[in-house]
Amino acid sequence: MAQAEYVQAPVSLKTPWGEKVTPENAWREYPRPQMVRDQWTNLNGLWEFAVTRGENTPDMPQAWKPDAIGETVATGEILVPFPIESSLSGVGRRFEPKEMLWYRRSFDADMKPGERLLLHFEQVDFRTHVLVNGVEAGVPHEGGQVPFTFDVTDKVKTGANELVVAVWDPTHAMFGARGKQHPGPFAIWYTRNSGIMGTVWTEKVPATHLGNYEISTDFDRGTVSIRLDCVGDQRHAEGEVEILKDGQRIAVGAVDSWDKPVTLKLPSPVAAWSPESPSLYDFVATVRDARANTSDRVKGYFAMRKVEVKKDPKGVLRIYFNNEMRFIVGTLDQGWWPDGLLVPPSDEAIKFDILSLKKLGFDMMRKHIKVEPRRYYHLCDKLGMLVLQDMPSGGKDDQVDSLERYGLYRKELEDVVNHLVNVPCIFGWVPYNEGWGEPGEFLVHSSLMWVKRRDPSRLVDGPSGAHDWEGGEIWGKRGRLTAHKPAGVEEAADLVDKHDYSYRPRPFAVNDRRASFLGEYGIGDVFVKGHIWSKPYPEGKPSTDIKRKETELLGLFGHIRSLARKGIVGSVYTQTADVEDEVNGLITYDRKVMKYDVEKIAAANEAIREGARLGMMPSETVELLLKLDASPAAWRYTMSDPGADWVNPSFDDSAWKVSAGGFGSKRIALDVNKEAKVSTLWDTKNLWLRRTFTIDKTAKETLDVIFDIFHDDDVEVYLNGVRILSVSGWNRRWEEIAVTPKEFFAAARPGKNTLAVKATQYAGEQYIDMGLRLEVRK
């Protein structure tokens, strides 16, 4: 069908790549990069479609079969592989749980004697019924996360063949994994996706061929083991694995037994894979059938890398990657697109997200509640981006804790792990997120333990962000990991993971059982006018002030640096890009505006890594200012506007009053926190404070700069006239807020220094006091 006949459905936002999608260029790339054959046919493009009413009457549309039972409610053409709800499908229609979605097209099948024809679907949601020339291709497939295949050799004929696909997708009306799809999208729940959502393709193989393979590597020994899954006549089949690096053969081995891997030693030194150097090894697997005189040749790749949690020289559990301590700096990446929804518009669109994060200094995406197309992981492998892979959540009518779906959940979890087990960039699994679908202690532990045993080469995070049965019920209990775990069973997770969206997150305490991980954090909404999905633009509100938010974000990253020094092992910022009504991304939903200064964010992320490295060094504390300083003249203060120069060291504050530390309202200690000691009553909107201190340390000696602050509401802190800290809102408790040594000593001087503080109150109780200390090398 000609390109002019395809028109994208209306949508409020489009990406630069979505604008260029046509039936001729829609996902033409080979869809399975780790197992490549030459003989394949791409079936993407315009297909006929129809929607019939009644999920219990799966009969063909009346237009295709005049005596059909089901009522046809929509017909036309749809661009595969985009979901029917998306703009890029050319339809943009809401699909209902009590409807059937039908697809039809023809394809050629000119087969040679002895060849088999495989029909592949990369992703379809949810139940897929496939007919070839009116005959079932196989048992209908249920699920929406992993690829599936039918051998249709016996159903095809020479020349044109009819392919019909019928899809039922109940979303919330079924127990299957659906991720964040919702029939009535709002807040963190997004537009549902239905039907074919990945490349449809065929390939020709000999009767005896490679069905699959599994790779395991031993980084320290420099070996790779590849087990080949031979389909067909194994008795007369031979297998061989050839390893290549930069096009040159470096190792080769033959299959001794089909149930055992081929293990090969790689030449030293091993080329390690990392985000900084994503080195890959190629391999060619060949299956030969001597009796039939056929050969199946498949190309793939793998990487040599190692990830584990172990204690650093100070006895703190940290992540080690390729035997070196590594702090993981990532984003929550949900993989949604305004024009393709769950299906990326193109390879180039995926590359943009990956490379944008790398430019910003991130080395990981937490692939949140979604399984991506295989090409997505391939590009992460090639470009060097770590992936922490979530299991998509599910449930019936939002009853996500129901025991009824546990069996299906476990099957889908197994499918996802098996599907992605060979992907080098994936370093860890997240079986549960924020309590969604957690059925209780025993079953949660069983899930985590299965993942750890199935794939000991990766970390298990979990559960992420809520009910941590592995550590007892620790949610909300001051972040302390208890000694409790299910009796008589092994530890099943490597990370203890907290989600904290406060201005200064407080992860679970560093402990001896599992490494502490900050699985989600962020600063809230940041609107960019003209790049919003559907929320009204908040004219004049602070959330539109990107520069102000950037200052908050850099301060937040400084706090993460301090946490990294103390021993947390990674952090996940929410999020890569806006998604529908969520506008807290680093990039707008249409990928047209980067909200923040790239160089500043990259430098802040590098400072976080530096903090983790410095955390392994011995240190000591130098107190510069005491919190709740009892000295009668600890602070000079005024409640009247002192003018513009009050932050400068030369400002004359001799007329200001003096007080010990602690300024607040009468009832702050009774109604908010008894630790809020009040030396001076503060009941005005603003309060200005000043004091001096001396420094005899340098930036090179200093590992961390920490303010101990109790603030209610906003506070701005200036050092020698330079603003070094700005905190919005209130914390209702004493809290450590870190500033990087680079920022601090850019303003600090040897000897005498002046600290100036402005506190602002908006409503309720009010309070301000602070201390200041340095962590320095011993």
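Read on for an overview of the structure. Quick caveat: nothing in here was measured; it's all calculated off a predicted structure. Position numbers for residues count from 1 along each chain, tracking the sequence in the order it is written. Owing to the predicted nature of the model, reporting of local features is limited to residues with pLDDT of at least 70; listing and counting of side-chain atom pairs is limited to 80 or more, with chain, interface and lining totals taken over all residues. Side-chain metrics in this entry use all non-hydrogen atoms of the structure; hydrogen atoms and water are not considered.

**Description of the overall build of the protein**
Numbering of helices and strands starts at the N terminus; helices are DSSP runs of H or I of at least 4 residues and strands are runs of E of at least 2. Tallying secondary structure elements over the protein gives eight helices and 45 strands in all. As defined in this context, the radius of gyration uses C-alpha atoms, and a globule is described by 2.2 Å times the residue total to the power 0.38. Computed over its C-alpha atoms, the radius of gyration of the protein comes to 30 Å, within 12% of the 28 Å expected for a compact globule of 778 residues. Based on the C-alpha atoms only, the size of the protein along its principal axes is roughly 100 × 60 × 50 Å. Counting the 778 residues in the protein, one finds 60% classified as buried. The contact definition used throughout considers only heavy atoms, calling two residues in contact when any of these lie within 4.5 Å. Of the contacts formed within the protein by residues at least 6 apart in sequence, a portion of 71% connects residues at least 24 apart. Working note: accessible area of the protein is about 30500 Å², and carbon and sulfur atoms make up 50% of it. Residues scored as positive are Lys and Arg, those scored as negative are Asp and Glu, and His as well as the terminal groups of each chain are ignored. Taken as the charge location is NZ of Lys, CZ of Arg, CG of Asp or CD of Glu. Of note, the protein has its 102 positive side-chain charges centred 4 Å away from the centre of its 113 negative side-chain charges. Burial classes follow relative accessibility: with a 1.4 Å probe on protein chains only, a residue under 20% of its type's maximum area counts as buried, one over 50% as exposed, and anything between as partly exposed. What sets the accessible areas is the Shrake-Rupley method with a 1.4 Å probe; for residues, cover comes only from the shown protein chains.

**Re the sheet that holds strand β19 (residues 248-254)**
Whenever strands of a sheet pair, they do so through backbone hydrogen bonds, lying parallel or antiparallel. Should DSSP find at least two bridges between two strands, the strands are regarded as paired. The strand order across the open sheet built from four strands is β19-β18-β21-β22, with neighbouring strands paired in antiparallel fashion. Of all strands in the sheet, those with a lone pairing partner are β19 and β22 (294-302), marking the two edges. The mean angle between the axes of side-by-side strands here comes to 20 degrees, regardless of whether they run parallel or antiparallel. Geometry is summarised by axes, namely lines fitted to C-alpha atoms with helices restricted to the contacting stretch, and by angles between N-to-C directions that run from 0 to 180 degrees.

**So, the pattern of salt bridges**
Any Lys or Arg side-chain nitrogen found within 4 Å of a carboxyl oxygen on Asp or Glu counts as a salt bridge. For the structure shown, the criterion picks out 57 salt bridges. In this structure, the salt-bridge partner of Arg375 is Asp347, at a minimum N-O distance of 2.8 Å. Residue Arg375 is located in helix α2 (residues 374-383), and its partner Asp347 is located in helix α1 (residues 347-359); the two are separated by 28 residues in the primary sequence. For Arg375, a relative accessible area of 13% puts it in the buried group.

**What to know about the packing of helix α5 (residues 546-566) against helix α6 (residues 598-614)**
For the pair α5 and α6, interaxial distance at closest approach is 7 Å and the crossing angle is 15 degrees. The angle between α5 and α6 places the two elements in the roughly parallel class. Two packed elements cross with a definite hand, and for α5 against α6 that hand is right-handed. Residues Glu550, Leu553, Leu554, Phe557, Ile560, Arg561, Ala564 and Arg565 of α5 form the contact with α6, whose own contacting residues are Lys600, Ile601, Ala604, Asn605, Ala607, Ile608, Glu610, Gly611, Ala612 and Leu614. Considered class by class, the residues forming the contact of α5 with α6 number 11 nonpolar, two polar and five charged. Oblique is the label for any angle not under 35 degrees, not over 145, and not in the 65 to 115 range, which are roughly parallel, roughly antiparallel and roughly perpendicular in turn. Crossing handedness is read from the near helix: turned anticlockwise from the far helix by less than a right angle, it gives a left-handed crossing, and turned clockwise, a right-handed one. Ten residue types, Ala, Val, Leu, Ile, Met, Phe, Trp, Tyr, Cys and Pro, are classed as nonpolar, four, Asp, Glu, Lys and Arg, as charged, and the remainder, Gly among them, as polar.

**Some remarks on helix α3 (residues 406-420)**
Over its 15 residues, α3 runs 21 Å from end to end, which matches the ideal 21 Å to within 8%, given 1.5 Å per residue. Those residues of α3 not exposed but buried are Tyr406, Tyr409, Glu412, Leu413, Val416, Val417 and Leu420. Projected onto a plane normal to the axis of α3, the buried residues spread over an arc of 135 degrees and lie on a single side. The secondary structure elements touched by the buried residues of α3 are α2, β28 (386-390), β29 (426-430) and α4 (441-454). Expected helix span is taken as 1.5 Å per residue step, with the number of steps being one fewer than the number of residues. To obtain the arc, one takes the directions from the helix axis to the C-beta atoms.

**What to know about unusual backbone geometry**
For the peptide bond that leads from Ser268 to Pro269, omega is -5 degrees, which places it in the cis range. Summarising the element assignment, Pro269 is placed in the loop between β20 (262-265) and β21 (281-289). Here the residue pair Gly462 and Pro463 is connected by a cis peptide bond, since its omega of -15 degrees sits within 30 degrees of zero. Along the chain, Pro463 turns up in strand β30 (residues 459-464). For Ala187, which is not glycine, the phi dihedral falls at a positive 50 degrees.

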